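Report on the structure
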Amino acid sequence: MNKIRAFESTYLFCLKILSGIIPVLGNKRPFMWFMVTSEKALKKPLFGCQMCGQCILHSTGMVCPMGCPKTLRNGPCGGVRSNGNCEIKPDMKCVWVRAWDNSTQMAVFSDSIKEIQPQLDHSLSGTSAWINDIGKKNDS
Amino acid sequence: MTPKPVSDLARRLEHGLFTVTAEVTLPDSIEKKALVERAQMLEPYCDAINITDSTGAVPHFSNIAAASILIENDIEPIIQFSCRDRNRIAVQADVIGAYAIGVRNIFCVTGDGVQTGDHPEAKPVFDLDSVTLLTTINHLKTRGKFLSGRELDDKPNLYLGAAVNPFVPPFEERALRLLKKHKAGASFFQTQYCFDIERFKSFLDRLLGLTKGAPPPLLVGVGPLRSARFARWLRENVPGIDVPEHVIEKIEKYPRKEQQKAGVEACIEIVDAVKTLTGVAGIHVMAYNWEASVSEIVKATGLSKPERDN
Ligand code: SF4
């Protein structure tokens, strides 16, 4: 199994487990602390996570869109270089070129890259994306 | 009863009339005159004029002030909004202000990074991206409300557009991105400079396939190259513009003095090649600091106002 598929399966596994736990513990301070700490510890080294609090990794081929210097969350800008590198950082592959390539390899979420992502809520920066996401689904 | 089109641009595109738009180079001037003169050179040949938003991350004449001056002179503006300098508060405030002075066409772009311009030490905003810029303005338009839910006294009836760049990677994604922007509220599209006809055709095929042959109105971006040297500079230094080597070579064949003319001719050839393609609703001419060339291109391609409506 390739890396992207492995990440995707891990995401699905966590989703299952946490969907049971977060509705019960989601608003407890120690649990919040635990989630923020583990998200930071795992997602930072793996994806360059910046703790925006609204994780959409599974919709972007497991490439963090916050690594884009313009923090674009809905696809590449028009400035991508002809070699696929970033307009602003010429030595870096464009985040969205990677996201597009990777998302085609995903089993479940390959079409999610087409979805419109809402405006980022900057007030959630530094909080747990899992709690925000599952908590929100539970509220609505 | 179908609602009245909100602008002349909307009327033309909704009725499938071939449309020509052009970009005016905003002068570094503190007088209205410089802008009016340039816009008046374009006006006889196009249906609406794009006003950029400090393009290339270089401060230029304010887009809203420029729009107001064009409107005073009976010229229809397409005002560009980028995500680089305004957060969602400023965007919404400017949109309703622009509407009040008569702006109807708003064109949403991501915007170049500050590193591209002459103030690389500036703080880039990018609170929104081009898609959420569209959803934000579309929210004002369709609900008459700010994002916060606070209500306006009426809904600003706007015609929204967006950019598409079929000429840079990821190529496969570009048509999907156009459709995402369409879903987010964009009614018409203008492309980045087209120098690569084959690349454009493959993009168009994909778009036609995805939309069952009925894509939203798409205007092809074109422009003349002043010289082979300028073309190379453009390719190396302006992000998102790809000038294929064969186009440059065609211009390079001529001595320096004649290259300007060859550049206009190359542009005319491109317009002739794309104007009749299914799915092309018009052209968008960007002649940076060279407004005079627009009349030549439009006339030579048989796209002058009376001719093209016959
Ligand atoms: S080229 Fe890619 S990574 Fe760079 S700013 Fe544009 S979208 Fe972001």
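The sections below set out a description of the structure shown in this document. (Residues numbered from 1 in each chain as written. Chains lettered and ligands numbered in written order. Predicted model: local features only at pLDDT ≥ 70, side-chain atom pairs only at ≥ 80, totals over all residues. Heavy atoms only, no water.)

**Section: the overall build of chain B**
- The secondary structure content of chain B amounts to 12 helices and 8 strands.
- Relative to its length of 310 residues, chain B is compact, with a C-alpha radius of gyration of 19 Å against a globular reference of 19 Å.
- Projected onto its principal axes, the C-alpha positions of chain B cover 60 × 45 × 40 Å.
- When burial is assessed residue by residue, chain B has 56% of its 310 residues classed as buried.
- Looking at chain B alone, contacts between residues at least 24 apart form 76% of all its contacts between residues at least 6 apart. (Helix = DSSP H or I, 4+ residues; strand = E, 2+ residues; numbered from the N terminus. Rg over C-alpha atoms; globule rule 2.2 N^0.38 Å. Buried < 20%, exposed > 50% of the residue type's maximum accessible area, 1.4 Å probe, protein only. Contact = heavy atoms within 4.5 Å.)

**Focus: the packing of helix 6 (residues 171-184) of chain B against helix 7 (residues 197-210) of chain B**
Residue and element names in this part refer to chain B.
- Across the interface, helix 6 lies against helix 7 with an axial gap of 9 Å and an inter-helix angle of 50 degrees. Put simply, helix 6 runs oblique to helix 7. Here helix 6 and helix 7 pass one another in a crossing that is right-handed. Side by side, helix 6 and helix 7 meet where F171, E172, R174, A175, L176, L178 and L179 of the first sit next to R199, F203, R206, L207 and L210 of the second.
- When its residues are assigned to classes, the contact of helix 6 with helix 7 shows 8 nonpolar, no polar and 4 charged. (Axes fitted to C-alpha atoms, helices over the stretch in contact; angles between N-to-C directions. Parallel < 35°, antiparallel > 145°, perpendicular 65-115°, else oblique. Left-handed = near helix turned anticlockwise from the far one by under 90°. Nonpolar A, V, L, I, M, F, W, Y, C, P; charged D, E, K, R; others polar.)

**A look at the site of the ligand**
- Close to the ligand lie C68, P69, K70, L72, P76, C77, V80, C86, E87, C94, V95 and W96 of chain A, which account for all nearby residues.
- When the residues that make up the shell around the ligand are grouped by side-chain class, the tally is 10 nonpolar, no polar and 2 charged. (Near = heavy atom within 4 Å.)

**Here we look at the packing of helix 2 (residues 29-47) of chain A against helix 4 (residues 129-139) of chain A**
All names here are of chain A.
- Axis separation between helix 2 and helix 4 bottoms out at 8 Å; the angle between their running directions is 120 degrees. In this view, helix 2 runs oblique relative to helix 4, as classed from their interaxial angle. Together, F31, M32, M35, E39 and K43 of helix 2 and A129, W130 and I131 of helix 4 make up the contact between the two elements.
- Taken together, the residues of the contact of helix 2 with helix 4 sort by class into 6 nonpolar, no polar and 2 charged.

**Topic: a nonpolar patch on the surface**
Residue and element names in this part refer to chain A.
- A grouping of F13, I17, I21, V24 and L25 is seen on the molecular surface, where their side chains present a nonpolar patch of about 440 Å² in accessible area.
- Along the chain, F13 falls in helix 1 (residues 3-25).
- Residue classification places F13 among the exposed positions, given a relative accessible area of 56%. (Patch = residues over 30% accessible without salt bridge, like charges linked within 9 Å, V, L, I, M, F, W, Y side chains within 5 Å. Areas by Shrake-Rupley, 256 points an atom, 1.4 Å probe, with all protein chains shown as cover. Salt bridge = Lys/Arg side-chain N within 4 Å of Asp/Glu carboxyl O.)

**Some thoughts on unusual backbone geometry**
- With an omega dihedral of -5 degrees, the bond running from P169 of chain B to P170 of chain B counts as a cis peptide bond.
- In this fold, P170 of chain B is placed in the loop between strand 5 (159-164) and helix 6.
- The backbone of M51 of chain A shows a phi angle near 55 degrees, a positive value even though the residue is not glycine.
- By the element assignment, M51 of chain A lies in the loop between helix 2 and helix 3 (95-103).
- Phi is positive for S54 of chain B, which is not a glycine, with a value near 45 degrees.

**Focus on the interface of chain B and chain A**
- Taken together, the contact between chain B and chain A spans 31 residues of the former and 28 residues of the latter.
- Approximately 2,300 Å² of surface area, both sides summed, lies buried where chain B meets chain A, with 60% of it carried by carbon and sulfur atoms.
- Between chain B and chain A we count 0 salt bridges in total.
- Viewed at the interface, chain A and chain B are joined by 14 residue pairs in polar contact (both at pLDDT 80 or more).
- Counting residues per element, the ones that place at least two in the side of chain B that touches chain A are helix 5 (130-143) and helix 6 of chain B.
- A per-element tally of the side of chain B that touches chain A places helix 6 of chain B first, with 8 residues. (Buried area = accessible area lost by both parts, 1.4 Å probe. Polar contact = N/O pair within 3.5 Å; in protein donor to acceptor, adjacent residues only side chain to side chain.)

**As for the environment of V238 of chain B**
Residue and element names in this part refer to chain B.
- Within the secondary structure, V238 sits in the loop between helix 8 (228-237) and helix 9 (245-252).
- On the basis of relative accessible area, V238 is assigned to the partly exposed category, the value being 26%.
- Residues V238 and K180 lie 58 residues apart in sequence; the distance between their C-alpha atoms is 25 Å.

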